[in-house]
Amino acid sequence: MVGTVISGNPLQLDILSHKKCLAICFVVTISSFQYGLDYALVGGFMAMPGFLKVFGYYDEVAGKWVIDPMVQQLISSLMTIGTFIGSLSVGPFSSRYGRRHGLWTASILNFIATAIMIGTTNLGALYFARFLLGISVGWFLTFSQVYINETAPGHLRGVTFAVYQSQLSIGSIVGAAVDNGTHTMLGKKAYRIPLAIFFVAPTIQMISLFFFPESPRWLMTRGREAAAESALRRLRNKYIKEVEFEAEFKEIQTSTATQSDQLKGKHLWIEMWKGTNRRRSLLSMAVICFHCANGSSWLNIYTTYFLTVAGVKDAFAYSIMITCMGLIGVLASVFIIRHIDRRHILLIGVGACGLCQLAFGVVWSSAPGTEVAAQVVVAFNALFTFFYVAYAPYAWLLGGELPSNHFRAHTYGVSTALNFLGNWLGVFTAPYFINPASLGWNAKYGYIWFGSNMIVFLFTWAFIPETRDRTLEEINEIFEAKVPARKFKGYRCVGTETMRAAVMEEKNASTAHVEELP
């Protein structure tokens, strides 16, 4: 679990030498703040009288404003359908226009969708805005993750994805806190004020991208070697040794050129299912779909509603506490990701999430509707969030590490789309299980997700390879060698190491020759 990983990364394996690149990745990951914000805000709207008076109806029997289960499903799930469609289009768009243009387009779509949601009182317009926002969120998430996967140094990709997840958690906390501050308002301001926050993160990112370079690996796939070298220099600290920079650049150049020669005249959508790429594509899709397979979708978006139905007093305040547990989880993972294997983090996280879901079902079967059961639901919901958010970024990370440079956007886009399709199924069907007007299972819904988590646990143990500290080019060499998943960690990439050593030797010899001249 803990120990030295075989890696030929030519760069200094520290953090301070790469603070410039980390700062760029931090700004790019602001897009995940948007996703977390939406999850928290919209989940809170479902229990907000000011929102329910516009898009819900008054229940004479219950004596309060409620929302129709179908409307609840569509508001939540249409965004997920949008992310599905948006993610599928990432590959073709990204192959032609790059990662930065994808993020710019996502910002524009976000502005349009948010303006509609704030201004409308019509359900049809709201549904359209949710769908459009979903496309925007799908592009934000996918393009930002592909970008940081391709720009961060190999030994710091885990750290950048922890930052990515932290941004998502902070967005959820901000959303839950704002909802808590406005939920007692009876007018439209109750939900319009929170929605206005949707403008903030995309504006910051849209402006910042003008000062950031394009992904050097994408530029290399387009044959723009000079631009790729310039982009890589802008990403790396100016104090990095020239021999280290040239070794990294040569590694990217050689590996990408080999892949380009193999794919010349071929269609990426077809080739991603052939040879070793088929294995890489399937693994990427599987590990990214861990997110929808552990039951996080229904707990994330329905936390406040679920706690309210479960009889928890002050559900809004508890939802903030639960979201904060997620932030604590990901911050804790920052300190271990460079020292503990990715596989083990996934195994611990998935196993813990499964046990929490089991606890929901057991306690509600034993003492349904009691105060004790409600307290246990809160406790295990918080624990679930802690462990899920602690391991979630590394499932995204692995999903982007496994495909090759040419297929990354296509594979990652399809993988993200499938994950959001799974999320949609979870979000769309959850009200049937937890809404008292339907089956009314409430926390017993956790039994289903316990079984799903156990399947994910076994799959991880058997098939997910270890990639900690490897460069993307090393990972490509290991897959091309058809190394079994359990032997990835100890495999030595002779080809990559030999090429890197030759570059360093040539550079050192050149430097020595210059020093000898009179």
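Residues numbered from 1 in each chain as written. Predicted model: local features only at pLDDT ≥ 70, side-chain atom pairs only at ≥ 80, totals over all residues. Heavy atoms only, no water.

Student: What am I meant to see in the overall build of the protein here?
Tutor: Scanning the protein from terminus to terminus reveals 25 helices and two strands. Taking the principal axes of its C-alpha atoms as reference, the protein extends roughly 95 × 45 × 40 Å. Here the protein holds 518 residues, and the buried ones make up 59% of them. Long-range pairs, those at least 24 residues apart, make up 80% of the contacts in the protein between residues at least 6 apart in sequence. Surface summary for the protein: the accessible area is close to 19,700 Å², and the carbon and sulfur share equals 67%. Separation between the mean location of the 42 positive side-chain charges and that of the 32 negative ones in the protein comes to 4 Å. (Helix = DSSP H or I, 4+ residues; strand = E, 2+ residues; numbered from the N terminus. Buried < 20%, exposed > 50% of the residue type's maximum accessible area, 1.4 Å probe, protein only. Contact = heavy atoms within 4.5 Å. Areas by Shrake-Rupley, 256 points an atom, 1.4 Å probe, with all protein chains shown as cover. Lys, Arg positive; Asp, Glu negative; His and termini not counted. Charge placed at Lys NZ, Arg CZ, Asp CG, Glu CD.)

Student: Looking at this structure, how should I read the packing of helix 6 (residues 99-119) against helix 10 (residues 200-208)?
Tutor: Between two packed helices, both the angle of their axes relative to each other and the distance between the axes serve to describe the pair. Orientation of helix 6 relative to helix 10, taken along the N-to-C sense of each, is 150°, at an axis distance of 9 Å. Judged on the interaxial angle alone, helix 10 and helix 6 are roughly antiparallel. As for how helix 6 packs across helix 10, the hand of that crossing is left-handed. Residue-level inspection shows Leu103, Trp104, Ser107, Ile108, Asn110 and Phe111 of helix 6 in contact with helix 10, the latter providing Pro202, Thr203, Gln205 and Met206. A per-class count over the contact of helix 6 with helix 10 returns six nonpolar, four polar and no charged. (Axes fitted to C-alpha atoms, helices over the stretch in contact; angles between N-to-C directions. Parallel < 35°, antiparallel > 145°, perpendicular 65-115°, else oblique. Left-handed = near helix turned anticlockwise from the far one by under 90°. Nonpolar A, V, L, I, M, F, W, Y, C, P; charged D, E, K, R; others polar.)

Student: Please clarify how the layout of surface pockets should be interpreted in this entry.
Tutor: Over the atoms rolls a probe the size of a water molecule, and in doing so it shows where empty space is left. By volume, the second largest pocket is sized at about 400 Å³. Those elements giving two or more residues to the lining of the second largest pocket turn out to be helix 13 (242-263), helix 15 (275-288), helix 24 (472-480) and helix 25 (494-516). The leading source of residues in the lining of the second largest pocket is helix 13, at seven residues. Among the residues making up the lining of the second largest pocket, the classes are represented as three nonpolar, twelve polar and eight charged. (1 Å grid on protein atoms, 1.4 Å probe; cavity = no way out; pocket = protein on both sides within 12 Å on 5 of 7 lines; lining within 4 Å. Points joined across faces, edges and corners; volume = space filled by probe spheres on them.)

Student: What is the right way to look at a nonpolar patch on the surface in this model?
Tutor: A grouping of Ile207, Phe210 and Phe211 is seen on the molecular surface, where their side chains present a nonpolar patch of about 380 Å² in accessible area. Along the chain, the position of phenylalanine 211 falls in the loop between helix 10 and helix 11 (216-221). For phenylalanine 211, a relative accessible area of 60% translates into the label exposed. (Patch = residues over 30% accessible without salt bridge, like charges linked within 9 Å, V, L, I, M, F, W, Y side chains within 5 Å. Salt bridge = Lys/Arg side-chain N within 4 Å of Asp/Glu carboxyl O.)

Student: For this particular structure, what's the right way to read the packing of helix 2 (residues 30-45) against helix 10?
Tutor: It is the contact of helix 2 with helix 10, at a shortest axis distance of 9 Å, that shows an interaxial angle of 165°. Relative to helix 10, helix 2 is oriented roughly antiparallel. The two elements helix 2 and helix 10 meet at a crossing, and its hand is left-handed. Together, Ile30, Ser31, Phe33 and Gln34 of helix 2 and Ala201, Pro202, Ile204 and Gln205 of helix 10 make up the contact between the two elements. For the contact of helix 2 with helix 10, the residue count by class is five nonpolar, three polar and no charged.

Student: Can you help me understand the packing of aromatic side chains in this one?
Tutor: The geometry of an aromatic ring pair comes down to the distance between the two centres and the angle between the two planes. Evaluation of the coordinates by the stated rule reveals 20 aromatic pairs. Aromatic pair phenylalanine 479 and phenylalanine 488: ring centres 5.1 Å apart, planes at 70°, arrangement edge-to-face. Taken as a pair, phenylalanine 479 and phenylalanine 488 share a single burial class, namely buried. Members of the aromatic cluster, joined through ring pairs, are Phe93, Tyr97, Trp139 and Phe143. When the ring centre of tryptophan 461 is taken as origin, the NZ or CZ atom of arginine 486, which lies over that ring, is 4.4 Å away. (Phe/Tyr/Trp six-rings, centres within 6.5 Å; stacked < 30°, edge-to-face > 60°. Lys NZ or Arg CZ within 6 Å of the ring centre and 35° of its normal.)

Student: Please explain the side chain of glutamate 150 as it appears in this structure.
Tutor: For glutamate 150, the location among the structural elements is in helix 7 (residues 123-151). Within polar-contact distance, the side chain of glutamate 150 engages the side chain of arginine 408 at 3.1 Å. When neighbours within four sequence positions are excluded, glutamate 150 is seen to be in contact with Arg99, Ser215, Pro216, Arg217, Trp218, Asn405, Arg408 and Leu472. (Polar contact = N/O pair within 3.5 Å; in protein donor to acceptor, adjacent residues only side chain to side chain.)

Student: Can you walk me through helix 7 in this structure?
Tutor: Because an α-helix completes one turn every 3.6 residues, residues spaced three or four positions apart along the sequence face the same direction. Helix length check: helix 7 (29 residues) gives 42 Å between terminal C-alpha atoms against 42 Å at 1.5 Å per residue, within 8%. Looking at where helix 7 begins, the residue whose side-chain oxygen comes 2.8 Å from the main-chain nitrogen of glycine 124 is asparagine 122. (Expected span 1.5 Å × (residues − 1).)

Student: Would you mind going over the nonpolar core with me for this structure?
Tutor: Note on soluble globular proteins: their nonpolar side chains tend to be buried together. Counting residues in hydrophobic clusters, the biggest one holds 113 residues, and the most contacted among them are Tyr35, Phe45, Phe51, Ile75, Val287, Leu346 and Tyr391. Considering every element that reaches this core, the biggest residue donor is helix 7, with 14 residues. Ignoring sequence-local partners within four residues, the contact set of tyrosine 391 consists of Phe290, Asn294, Ile345, Leu346, Gly349, Val350 and Cys353. Trp218, Ala228, Leu232 and Phe245 belong to the second-largest nonpolar core, a separate cluster that totals nine residues. (Core = buried A, V, L, I, M, F, W, Y, C linked by side-chain atoms within 4.5 Å.)

Student: Just checking my understanding: could you explain the environment of alanine 395 for this structure?
Tutor: With respect to the element layout, alanine 395 can be found in helix 21 (residues 371-401). Along the sequence, alanine 395 and serine 284 sit 111 residues apart, while their C-alpha atoms lie 8.9 Å from each other.

Student: Quick question: what am I supposed to make of the pattern of salt bridges here?
Tutor: Close approach of charged atoms lets side chains of opposite charge pair. A complete count under the given rule lists 14 salt bridges for this structure. Residue glutamate 271 is joined to lysine 274 by a salt bridge in which the shortest nitrogen-to-oxygen separation is 3.4 Å. For glutamate 271, a relative accessible area of 11% corresponds to the buried category. The partner of glutamate 480 in a salt bridge is arginine 280, and the shortest N-O contact between them spans 4.0 Å. Residue glutamate 480 is located in helix 24, and its partner arginine 280 is located in helix 15; the two are separated by 200 residues in the primary sequence. Of the residues examined, glutamate 480 reaches a relative accessible area of 38% and is grouped as partly exposed. One connected set of salt bridges, linked through shared partners, spans Arg99, Glu150 and Arg408.

Student: What exactly am I supposed to notice about unusual backbone geometry here?
Tutor: Negative phi is the rule for most residues except glycine; trans is the rule for most peptide bonds. Residue aspartate 469 is not a glycine yet carries a positive backbone phi of 70°. Within the fold, aspartate 469 resides in the loop between helix 23 (446-463) and helix 24. One non-glycine residue, lysine 482, adopts positive backbone phi at about 55°. Under the relative-accessibility criterion, lysine 482 is labelled exposed at 64%.

Student: Would you mind showing me how to read the side chain of asparagine 277 here?
Tutor: As for its placement among the helices and strands, asparagine 277 is situated in helix 15. Looking at asparagine 277, the relative accessible area reads 14%, which means it is buried. Beyond its immediate sequence surroundings of up to four residues, asparagine 277 is in contact with Glu271, Met272, Ser404 and Phe407.

As far as function goes, none of this settles anything; it's purely spatial.
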